[in-house]
Amino acid sequence: MTTFKKARYVRNSAITGGGNPARQLAKLHPDEILFYDVISGTVPFKEREQGKMLIEAIETGQINYLSVMSVDRLGRGIFDCQSTLNWLTEKGVTVRVENLGNLESLIDGKPNPIFKMICDVLANVASIELEGLKLRQLQGLEIYKAKNALLRAQGITQKRNKPKVSDEDVLKKYASVAKELKSGKISLRKIAILGGTSLATVQKVKSILVNNKMI
């Protein structure tokens with residue numbers, strides 16, 4: 001029976017909970033060399049720190065059996081994962097995927113057809129989901145364009161919702177304008193010039209002061 005040099009690769013986006021996950025995993029799997037990355041799944045496997053170390057260990061013949069919790073740990077997407085799996089197969093590394101019932105990629109050193117079929121299905125599902133997402137985005141854009149075209153035809157300009165600014169915030173921002181308005185000594189136009197703002201802003205501040213019976 002072949003004695004495998006075993007390794008385990010783990011990738012997490014962030015460390016959660018107490019304790020040291022890497023240390024805990026090492027205790028749970030003492031017969032495996034642990035490669036533990038804390039990094040976003042959007043980073044390709046070959047660009048991850050521990051991923052690079054694992055690749056080097058495989059290239060130098062130190063590892064020929066690899067355990068992962070799921071296939072998606074091996075890349076930034078199912079297609080990147082497939083590329084990594086193909087490379088591992090070329091290197092003669094058996095990959096065991098735990099969430100697929102501990103299914104192995106190689107049987108007696110040869111590709112496992114069931115493993116390949118499942119990975120191909122996963123890739124096809126991912127491709128369909130991606131195309132569906134693109135289609136929904138395109139449909140959303142077309143609906144938005146059609147709605148705007150209809151509004152323009154009716155002479156309506158669609159406005160984006162802006163966060164409402166309170167009267168208190170306006171008075172605080174234009175305190176000097178409010179002070180001059182309360183004094184009532186100079187015209188609105190002069191207040192605008194002195195305050196370095198527009199006449200419309202001065203009128204808005206005055207309206208707030210009047211509505212709140214402050215002048």
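Anything mentioned here points back to the structure above.
Nothing here was measured: the structure is a model prediction, and the numbers come from that model.

Conventions we followed
- Residues numbered from 1 in each chain as written.
- Predicted model: local features only at pLDDT ≥ 70, side-chain atom pairs only at ≥ 80, totals over all residues.
- Heavy atoms only, no water.
- Helix = DSSP H or I, 4+ residues; strand = E, 2+ residues; numbered from the N terminus.
- Rg over C-alpha atoms; globule rule 2.2 N^0.38 Å.
- Buried < 20%, exposed > 50% of the residue type's maximum accessible area, 1.4 Å probe, protein only.
- Contact = heavy atoms within 4.5 Å.
- Areas by Shrake-Rupley, 256 points an atom, 1.4 Å probe, with all protein chains shown as cover.
- Lys, Arg positive; Asp, Glu negative; His and termini not counted.
- Charge placed at Lys NZ, Arg CZ, Asp CG, Glu CD.
- Axes fitted to C-alpha atoms, helices over the stretch in contact; angles between N-to-C directions.
- Left-handed = near helix turned anticlockwise from the far one by under 90°.
- Pairing = 2+ DSSP bridges.
- Phe/Tyr/Trp six-rings, centres within 6.5 Å; stacked < 30°, edge-to-face > 60°.
- Lys NZ or Arg CZ within 6 Å of the ring centre and 35° of its normal.
- Salt bridge = Lys/Arg side-chain N within 4 Å of Asp/Glu carboxyl O.
- Core = buried A, V, L, I, M, F, W, Y, C linked by side-chain atoms within 4.5 Å.

Visitor: I keep staring at the overall build of the protein and nothing clicks. Help me out?
Guide: Of the regular secondary structure elements, the protein holds 8 helices and 7 strands. Relative to its length of 215 residues, the protein is extended, with a C-alpha radius of gyration of 32 Å against a globular reference of 17 Å. If you line up the protein on its principal axes, its C-alpha atoms span 100 × 50 × 25 Å. Out of the 215 residues belonging to the protein, those deemed buried represent 29%. Taking contacts inside the protein between residues at least 6 apart in sequence as the whole, the part at least 24 apart equals 58%. About 14,800 Å² of surface is accessible on the protein, with carbon and sulfur atoms providing 55% of the total. Seen as two clouds, the 34 positive and the 21 negative side-chain charges of the protein have centres 17 Å apart.

Visitor: Could you clarify how one ought to interpret the packing of helix α6 (residues 175-183) against helix α8 (residues 199-211) in this entry?
Guide: To describe two helices that pack against each other, one gives the angle between their axes and the distance between the axes. Packing of α6 against α8 brings their axes to within 10 Å, and their N-to-C directions diverge by 65°. When you trace α6 past α8, the crossing you get is right-handed. Contacts between α6 and α8 pair Val177, Ala178, Leu181 and Lys182 from the former with Val202, Val205, Lys206 and Leu209 from the latter.

Visitor: Honestly, the sheet that holds strand β3 (residues 65-68) in this entry has me stumped. Any pointers?
Guide: Through backbone hydrogen bonds, the strands of a sheet pair up, either in parallel or in antiparallel fashion. Read from one edge of the open sheet, 5 strands run β2-β1-β3-β4-β5, paired in mixed fashion. Strand pairing shows two members of the sheet lacking a second neighbour, β2 (33-38) and β5 (103-104), which therefore form its edges. Taken together, the 2 bridges between strand β4 (residues 94-97) and β5 define a ladder with antiparallel strand orientation. Opposite Arg96, over in β5, you have Glu104 as the bridge partner. The strands that helix α1 (residues 21-28) touches are β1 (6-12) and β2; relative to β2, the one it contacts most, it runs at about 155°.

Visitor: What should I look at first to understand the packing of aromatic side chains in this one?
Guide: Aromatic rings in a pair are described by how distant their centres are and how their planes are angled relative to each other. Per the counting criterion, the structure on display carries 1 aromatic pair. An angle of 80° between the planes, with centres 5.0 Å apart, marks the rings of Tyr9 and Phe45 as edge-to-face. A residue pair is termed long-range when its members are at least 10 positions apart, and Tyr9 in strand β1 and Phe45 in the loop between β2 and α2 (49-59) qualify at 36 residues. Like Phe45, Tyr9 is buried. Lying over the aromatic face of Tyr65, Lys6 brings its terminal NZ or CZ to 5.5 Å of the ring centre.

Visitor: I tried to follow unusual backbone geometry on my own but got confused; where do I start?
Guide: The general pattern is negative phi for most residues beyond glycine and trans for most peptide bonds. Phi is positive for Asn102, close to 60°, though the residue is something other than glycine. With respect to the element layout, Asn102 can be found in the loop between β4 and β5. Judged by relative accessible area, Asn102 falls into the partly exposed class, the value being 40%. Positive phi values are uncommon outside glycine, yet Asp108 reaches one of about 55°. Here Asp108 is to be found in the loop between β6 (106-107) and β7 (110-111). Classification of Asp108 by relative accessible area gives exposed; the value is 78%.

Visitor: Which parts of the structure should I look at to understand the pattern of salt bridges?
Guide: Two side chains of opposite charge can pair, provided their charged atoms sit close to one another. Considering all chains together, one arrives at 8 salt bridges under this definition. A salt bridge links Asp31 to Lys6; the shortest N-O distance between them is 3.8 Å. Of this pair, Asp31 sits in the loop between α1 and β2 while Lys6 sits in strand β1, and the two are 25 residues apart along the sequence. When its relative accessible area of 51% is taken as the criterion, Asp31 is described as exposed. Taken together, the salt bridges that share partners define one network made up of Arg8, Glu32, Arg96 and Glu98.

Visitor: How should the nonpolar core be read in this particular structure?
Guide: Buried together is how nonpolar side chains tend to be arranged in soluble globular proteins. Core analysis: the largest hydrophobic core is formed by 22 residues, its most contacted members being Tyr9, Leu54, Leu66, Leu74, Leu85 and Leu88. Listed by contribution, the elements that provide at least two residues to this core are β1, α2, β3, α3 (78-90), β4 and α4 (113-153). Considering every element that reaches this core, the biggest residue donor is α3, with 4 residues. Filtering out sequence-adjacent residues up to four positions away, Leu88 remains in contact with Ile58, Leu66, Leu74, Val93 and Val95. Counting residues in each nonpolar core, the second largest holds 11 residues, with Val170, Leu171, Ala178 and Ile208 among its members.

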